[in-house]
Each structure stands twice: as structure tokens, then as C-alpha cells.
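Structure assessment
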Amino acid sequence: MLEKMEILDVEKLIGDFEVMTKDAENVQRETLKMILEENGCAEYLQNMGLNGRTDPESFKACVPLVTHKDLEPYIQRVADGAFSPILTGKPITTISLSSGTTQGKPKFVPFNNELMETTLQIYHTSFAFRNREFPIENGKALQFIYSSKHSKTKGGLFAGTATTNVFRNPQFKKAMTAMQSECCSPDEVIVGPDFHQSLYCHLLCGLIFHEEIQLVSSTFAHSIVLAFRTFEQVWEELCDDIREGVLTSRITFPSVRSAMAKLLKPNPELADLIEKKCSRLSNWYGLIPELFPNVKYIYGIMTGSMEPYLKKLRHYAADVPLISADYGSSEGWIGANINPSLPPESTTYAVLPNIGYFEFIPLKENVEGHMQENGNVSFLSTEPKPVGLTEVKVGEEYEVIITSFAGLYRYRLGDVVKVMGFHNSTPELKFVCRRNLMLTINIDKNTEKDLQLAVEEAAKLIAEEKREVIDFSSNVDVSADPGHYVIFWEISGEVSDEVLKECCNCLDRSFVDAGYVSSRKVKAIGPLELRVVWKGTFHKILDHYLRLGAVVSQFKTPRYVGPTNNKVLQILCDNVAKNYFSTAF
Ligand code: AMP
């Protein structure tokens, strides 16, 4: 009875979304007004001289654009337990640790109930559109989700990764039930203290409920690929557990063991069935539908730095649709995927105009302006002129600025997006890249996306030998003059020196940025170096971040390892098996 009442009215959700997006400009005005009225008494806003004004023009004139670094002292005071309102009117009780995989260390950002509400709103919106095209029946979801340890800040505030704050909120479970996407694993597995053990148990729960599984998901697609790569290693052990009804001794945490004991009963028929299915597969192609015959789709963020995992995911998924999840960050949500039938490579995100106040810095103007001045590019030193949500132009690229209900005002998120079109009057954004991930030595400028395309091109050469790039990263080596690009690859098996030399040349040729090509030609940039690392190296990087307090659910392999990220650079450099220099120029 209760479950029935909680099922979402998807047509109403879609109707509300349509009404709101037809009036995006006014909704933005109203949203800004609400944010400023709720938080007008906070010290940060008091110092801006708004004097009660809440219109976008006054807001932009009084409040400066900021980065996380600018807000750090304020956030720190909140975390330290300051009594007065600093960033928000109502006290902040929780701090989110953003994954920080790009910078090398997690960042603190405020989290509050309003952020939780916007999380649910975006989940519901995209679910409504998804369910219209890919309806799921009442069943279960195999969700590879993990929550990090909850700690307390000096001032006694709860601190955990944003996903942890969401997963631990009672509203999350209710929302999953309402979306018929209840996780098949018990809570003890999700909050388990060791992610390797939780991953094993998630797989085991998935197998126990194999016929009920309607969808396979995670926050970021990386976790799904990691899960099925692990399955390849542990499937026999999983079958043993199912056959005997006894959990492997590798799972040591009592809370996890007792939760699993309630689900695990001896089931030799199921163990035989899984064994038969696994031995029938060729190189694990189609593993997911084979194990879960009623799966409707695979769901998780698949754009941006997740795109490199799509090939492997498609291999496991065969013809099960891959649907990218929404676009957001620990700082706040931005847009929902309302066109779920598009493949992840073409996914766009429609901005929800009531979940924050959004501005966009046009990149073209700013880059050109600055290049004329200096002949070199330094984004942050240009005086940017942001435009409003409904003023963006189709085909242009922008940096996203967020003003949130959780105390961030005109905050430069650091993401680059491209406007692909409009849904009613709200833009549909394609995620392009993080803007600070940039390979640059002098006038060259290559983004994460450029690196990804180069790696994809070169990886075709090893695909011919049935090998794949498991993961990759990059760095610039300026210890000798001229400096050069270094690309790190972990590969799934042996590849001949001859082919790897070709890959190295191909990588070098695939960076087509005019600044790079001309610098290579005049030898102002040295030959690109491909360093092949031992198998398991990227796992060590993941473990390193987990030790720092990151969580697998939010993990993104750093595609560029800067000089401040010594530890990761050291892991990569200590694990180099072979290296090659390009002879392409
Ligand atoms: P976190 O700091 O862990 O909250 O990660 C937030 C960042 O993840 C965003 O700023 C983006 O760079 C990236 N991200 C989040 N959602 C998406 C998405 N749908 N597509 C691509 N990248 C995303």
C-alpha cells in the first residue's frame, strides 16, 4: 500500500518541467531572489553592499566572481563551527568533500537540505523522461554505490563526500523506492568501511536477485566498469558462496557479514546457472544481460572523463542501452538528461532553472581577447563577462558559474560546456571538459577532451591485437629543455614494442592544436613520450585517493597530473614498465 502511494507521477513531473522551462528567465530571477532573501543576513552577502536588492543586475554589480580558493577561508570558518551566519542564513550542518581527483586533494563545500532537495528534484526529473522511454517494472537496481566514512569537522559538522551525504539521507532511499530503483544490496554494504568488500557484496547481491534486476547503475560509469572487471576475477568465488550459502572469509566486517548472511542461502542451481553462463561467453562480451536477463538499461554519468570507459561498458552491455546520468557537482546540480535515448556521446543536459542561479562565461571572446594581448592563454587572468542562462548561444562554449542555495555566490565551477540547443527557453548543455586540465608548455593548449581523442586514436592500433587501454593519464615534463608531453597508459596485456612505438607516434600526431603542431615542428616542444605502466597501477591511484578520504562513487581518474599532485605522479613514475619517444616530427 505504502509503496503504491510513493510511486512517482511521471507525467506530472514532465508537465511541471515543461512549464518551468518555458519561463526560464523569470524562474531564474525568482530563484536568485529566493537565494538572496534566504541568505541576505549572511556575512558574505552583507559585505557586498546589496542592501536588500535581489535583482540580477545589482547582484552582478556587487558580487564578484570567485573560485574555491577565494571562498576557502569562509568555508573553513563554517567547518570550524562559527556561530554567526557566514555564507548562508540558516546554519550549515554538513560539509561535502568534493572528489578533488583533479587537484590532488579533496575540497570542502557546504551541503544543506536545500541541496538535498535539488538532488531529488533532478533525480525525479530525469527519471520521468527516462521512464517514458525505458519503463522499468517493480524490481531492483544493482547499484555500485559506496559511501565514505562520515567524520566530524573541528566545529562538529558532519563531513563526507557529497554522494555519501546523499546516500545516507533517509530521503534518498524513499526516492529510490519511488523510482522503482531500490538498491538490491543492504545498507550495510553501501556504508561498508572497505570498498573492495562492498564491491564483492554488491556483485553477490546482484546475482542473488539476478532475475529482479531492472537496471545496473553507479554515480560515475567508472565504478560499473571496475565492478565487472572485478567480476571477471572473482566469479568463481561468488559461485562458491552461492552454492554453499556461506560468504567468503575475505569479507571480514561483522556488520557486512551479518547483513549478507540474511540474503545468502545455499543455491547450487543458481551457482550452476551462473557458471554455465560465464563459460559460454566469449571474452565476457554481453556479460550484463547474460547475468541479469531483465535489465532494461545501464545508468551512470558517462560523459566527460567517463567517455573512455564506454567501449568497455558497451562490451559488457551488448545491446542493453547505456544512459548517462545527470550533470552536477558537490557544489550543486546543473542539468538533467531529458533525452535518454541519445547515446552517451551525444548526451546533453537541460538546465533546471530553479535549482540555482546560473551564469556562463563565453570562452571564445575571452580567449581571443587575451591571446591578442599576450599571444599566450591564461584563462583566469582575463576579466570575464558572463551572460545569463537564457542569453547563451547555440554552438558556443562557456565556463559554468553557480550561485546556489548552499552558500556559493558566482562560483566558478571550472567546467566547460557547449550549448547544443534549447529545451523551451532553457539551454541543453554538452559537457566538454574541466578547464584546468590542460596540457601546455608554451603556446600549445590541449584539454582533457583533446587528450581523450588522441588516446582513442592511438588505442585503435592495439585494438587490432585485442588489447585495450584500461586507463590513462598525462603530465608535462619540463625538467629538461624543451619540455614534452608524457602520456601514461595501462594496457590489458602484452603489446609488441613495434606497435607501441607506432602508438606513441600516433598520440603525438593526434594533438592537432595549432600551437602544439607548430611548436613540435620547430622543436620548441620535445618528442611526446608514452610510458606504459604495470597492470594495477591505476588501482593504486584509486587506493591513494580513497586513503585521502575520496569515495569510489565519485572517483574520476586524473587525466592530467600537475606538479602539485606529487604522490600520484610518483605512483605513475614508479610503475613504468616501458617508455617510448615519438619520432613523428
Ligand atoms: P565532484 O567534485 O566529485 O562533485 O565532481 C563534480 C565534477 O564532475 C563536475 O564539476 C564535472 O567536472 C564532473 N561531472 C559531473 N557530472 C558530469 C557529467 N554528467 N558529465 C561529465 N562530467 C560530469
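Residues numbered from 1 in each chain as written. Predicted model: local features only at pLDDT ≥ 70, side-chain atom pairs only at ≥ 80, totals over all residues. Heavy atoms only, no water.

As recorded by an unreviewed UniProt entry, the protein carries the name Jasmonic acid-amido synthetase JAR1-like and is attributed to Gossypium darwinii. UniProt, in the comment section headed Sequence similarities (unreviewed entry), describes the protein in these words: "Belongs to the IAA-amido conjugating enzyme family." (UniProt positions renumbered as here; feature names shortened; annotations may be inferred.)

Per the secondary structure count, the protein includes 22 helices and 20 strands. Radius of gyration (C-alpha) of the protein: 24 Å, near the 25 Å computed for a compact globule of 585 residues. Relative to its full complement of 585 residues, the protein shows a buried share of 58%. Element-wise, carbon and sulfur atoms account for 53% of the exposed surface of the protein, whose accessible area totals about 24200 Å². (Helix = DSSP H or I, 4+ residues; strand = E, 2+ residues; numbered from the N terminus. Rg over C-alpha atoms; globule rule 2.2 N^0.38 Å. Buried < 20%, exposed > 50% of the residue type's maximum accessible area, 1.4 Å probe, protein only. Areas by Shrake-Rupley, 256 points an atom, 1.4 Å probe, with all protein chains shown as cover.)

In this section: the packing of aromatic side chains. A ring pair, where both rings are aromatic, is described by two values, the distance of the centres and the angle of the planes. Applying the stated criterion across every chain, the model contains 21 aromatic pairs. A ring pair is formed by phenylalanine 360 and tyrosine 398, whose centres lie 6.1 Å apart and whose planes are at 75°; its orientation type is edge-to-face. Taken together, the positions of phenylalanine 360 in strand 12 (residues 357–362) and tyrosine 398 in strand 14 (residues 397–403) put the pair 38 residues apart, joining distant regions of the chain. As far as the burial class goes, phenylalanine 360 and tyrosine 398 line up, both buried. Ring centres of tyrosine 485 and tyrosine 516 lie 4.6 Å apart, and the angle between their planes is 35°; on these two criteria the pair is classed as tilted. Of the two residues, tyrosine 485 is situated in strand 18 (residues 484–491) and tyrosine 516 in helix 20 (residues 514–521); the sequence distance between them amounts to 31 residues. The exposure classification of tyrosine 485 matches that of tyrosine 516, with both residues buried. Its end group placed over the ring of phenylalanine 209, lysine 140 keeps NZ or CZ at 5.1 Å from the ring centre. (Phe/Tyr/Trp six-rings, centres within 6.5 Å; stacked < 30°, edge-to-face > 60°. Lys NZ or Arg CZ within 6 Å of the ring centre and 35° of its normal.)

With that settled, consider the confidence of the model for the protein. Confidence along the protein averages 91 in pLDDT terms, with 95% of residues attaining 70 or more. Within the model, the stretch residues 367–381 combines pLDDT values under 50 with 16 contacts to residues more than four positions away or in other chains. (pLDDT = per-residue confidence, 0-100. Contact = heavy atoms within 4.5 Å.)

The next thing to look at is helix 9 (residues 170–178). Among the residues of helix 9, those classed as buried are Phe172, Ala175, Met176, Thr177 and Ala178. Sitting at the amino-terminal end of helix 9 is asparagine 169, which places a side-chain oxygen 2.9 Å from the backbone nitrogen of glutamine 171. Of the residues trailing helix 9, glutamine 180 is marked for its positive phi of about 50°. (Polar contact = N/O pair within 3.5 Å; in protein donor to acceptor, adjacent residues only side chain to side chain.)

This paragraph deals with the site of the ligand. Taken together, the neighbourhood of the ligand is formed by 18 residues, with Thr303, Gly328, Ser330, Asp415 and Gln554 sitting nearest. Within the backbone of aspartate 326, an N or O atom sits 3.0 Å from a nitrogen atom of the ligand. Arginine 434 is positioned with one of its side-chain polar atoms (N or O) 3.0 Å from an oxygen atom of the ligand. Only strand 9 (327–329) and strand 16 (426–434) provide two or more residues apiece to the shell around the ligand. The residue makeup of the shell around the ligand, split by class, is six nonpolar, eight polar and four charged. (Near = heavy atom within 4 Å. Nonpolar A, V, L, I, M, F, W, Y, C, P; charged D, E, K, R; others polar.)

Next up on the list: helix 20. All of the buried residues in helix 20 are Gly515, Tyr516, Ser519 and Arg520. Axial view of helix 20: buried residues confined to an arc of 125°, hence all on one face. Exposed side of helix 20, more than 90 degrees from the buried face: Ala514 and Lys521 are the residues found there. Its buried side turned inward, helix 20 meets strand 18 and helix 19 (497–510). Following helix 20 by one or two positions, lysine 523 has its phi on the positive side, about 60°. (Arc of directions from axis to C-beta.)

Using the residue numbers shown here, the UniProt feature "domain: GH3 C-terminal" (unreviewed entry) corresponds to residues 449–561. Each end of residues 449–561 is marked by a C-alpha atom, and these two atoms are 15 Å apart; helix forms 42% of the span and strand 19%.

A few words on the packing of helix 7 (residues 113–133) against helix 9. The interhelical angle for the contact between helix 7 and helix 9, taken along N-to-C directions, is 10°, at an axis separation of 11 Å. By the angle between their directions, the pair helix 7 and helix 9 is classed as roughly parallel. Across the interface between the two elements, Met116, Leu120, Tyr123 and His124 from helix 7 touch Gln171, Phe172, Ala175 and Met176 from helix 9. Across the contact of helix 7 with helix 9, the residue classes break down as six nonpolar, two polar and no charged. (Axes fitted to C-alpha atoms, helices over the stretch in contact; angles between N-to-C directions. Parallel < 35°, antiparallel > 145°, perpendicular 65-115°, else oblique.)

Another point: the packing of helix 12 (residues 221–244) against helix 14 (residues 268–280). Taken N-terminus to C-terminus, the directions of helix 12 and helix 14 make an angle of 160°; their axes are 7 Å apart at the nearest point. Considering the angle they form, helix 12 stands roughly antiparallel to helix 14. Crossing geometry of helix 12 relative to helix 14 is assigned as left-handed. Residues Phe231, Trp235, Cys239, Ile242 and Arg243 of helix 12 form the contact with helix 14, whose own contacting residues are Pro268, Leu270, Ala271, Asp272, Ile274, Glu275 and Cys278. (Left-handed = near helix turned anticlockwise from the far one by under 90°.)

Our focus in this paragraph is the sheet that holds strand 12. By way of backbone hydrogen bonds, the strands of a sheet pair with one another, either parallel or antiparallel. Ordered by their spatial adjacency, eight strands build an open sheet running 9-10-11-16-15-14-12-13, and the pairing between neighbours is antiparallel. Both outer strands of the open sheet, strand 9 and strand 13 (387–388), are each paired with one neighbouring strand and no more. Strand contacts of helix 3 (residues 24–39): strand 12, strand 14 and strand 16, with the helix running at about 115° to strand 12, the strand carrying the most contacts. (Pairing = 2+ DSSP bridges.)

The full count for this structure, using the stated rule, is 29 salt bridges. One salt bridge in this structure joins lysine 90 and glutamate 114, with 2.9 Å as the shortest N-O distance. Here glutamate 114 lies in helix 7 and lysine 90 lies in the loop between helix 6 (68–79) and strand 1 (94–98), a separation of 24 residues in the sequence. Overall, the relative accessible area of 14% leaves glutamate 114 in the buried class. For the salt bridge of glutamate 359 with arginine 410, the shortest nitrogen-to-oxygen distance reads 2.7 Å. (Salt bridge = Lys/Arg side-chain N within 4 Å of Asp/Glu carboxyl O.)

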